[in-house]
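# Overview (structure and organization)
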Amino acid sequence: MRACDEVGIDERLSMNGIWLVVAGMALAALSFGAWAARRGRAATAVGRLLGWGLTGALVVGAVAGVALFAWSVALWDAALTWPPMIIGAVLAGAAHFALFRASRSWLVAAR
């Protein structure tokens, strides 16, 4: 395994390229959403798609978070009383709750 300062330029560009792709996809989704909103009826399909997509992402994130938390506790029993772990779990739970409310709003509005 190489040290961080030995990472080649190609590896740095590939990691930065990921964020460029994500930014492009977000811009495309926003543009498509604005276009569909002008069409009226298609906006409900976009809203439904966004709501179910966000719900699916939340489920995957929650399952991964619980698995990582359980794995951490299995490796280190003191993880349950370690303040950064507790604060992180509370913040992640609050963020998932807020995003769940957003996905619920998308699905209710798309009815």
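Note that the coordinates shown come from a computational prediction; the quantities given were computed from them, not determined experimentally.

## Here's the deal with the overall build of the protein chain
Scanning the protein chain from N- to C-terminus turns up 3 helices and 0 strands. The linear arrangement of helices and strands in the protein chain, starting from the amino end, is α-α-α. When the 111 residues of the protein chain are sorted by exposure, 10% land in the buried category. Residue pairs in contact within the protein chain that sit at least 24 positions apart in sequence constitute 52% of those at least 6 positions apart.

## Quick notes on the side chain of S103
By the element assignment, S103 lies in helix 3 (residues 83–109). By relative accessible area, which is 1% here, S103 ends up buried. Setting aside residues no more than four positions away along its own chain, S103 makes contact with G51, L54, T55 and L58.

## Let's talk about a nonpolar patch on the surface
Taken together, the side chains of L68, W71, L75, W76 and W82 make up a nonpolar region of the molecular surface, amounting to roughly 610 Å² of accessible area. Residue placement: W76 occurs in the loop between helix 2 (41–75) and helix 3. Using a relative accessible area of 42% as the deciding quantity, one classes W76 as partly exposed.

## Brief notes about the confidence of the model for the protein chain
Looking at the protein chain as a whole, its pLDDT mean stands at 78, while 80% of the residues score no less than 70. Mean pLDDT in the protein chain bottoms out at helix 1 (residues 9–39), which sits at 71, and peaks at helix 3, which reaches 87.

## Regarding the side chain of T55
Note on placement: T55 falls in helix 2. Only 3.4 Å separates the side chain of T55 from the side chain of S103, close enough to count as a polar contact. When residues no more than four places from it in sequence are discounted, the contact partners of T55 are S103 and L107.

Each value, and the rule that gives it
- Residues numbered from 1 in each chain as written.
- Predicted model: local features only at pLDDT ≥ 70, side-chain atom pairs only at ≥ 80, totals over all residues.
- Heavy atoms only, no water.
- Helix = DSSP H or I, 4+ residues; strand = E, 2+ residues; numbered from the N terminus.
- Buried < 20%, exposed > 50% of the residue type's maximum accessible area, 1.4 Å probe, protein only.
- Contact = heavy atoms within 4.5 Å.
- Patch = residues over 30% accessible without salt bridge, like charges linked within 9 Å, V, L, I, M, F, W, Y side chains within 5 Å.
- Areas by Shrake-Rupley, 256 points an atom, 1.4 Å probe, with all protein chains shown as cover.
- Salt bridge = Lys/Arg side-chain N within 4 Å of Asp/Glu carboxyl O.
- pLDDT = per-residue confidence, 0-100.
- Polar contact = N/O pair within 3.5 Å; in protein donor to acceptor, adjacent residues only side chain to side chain.

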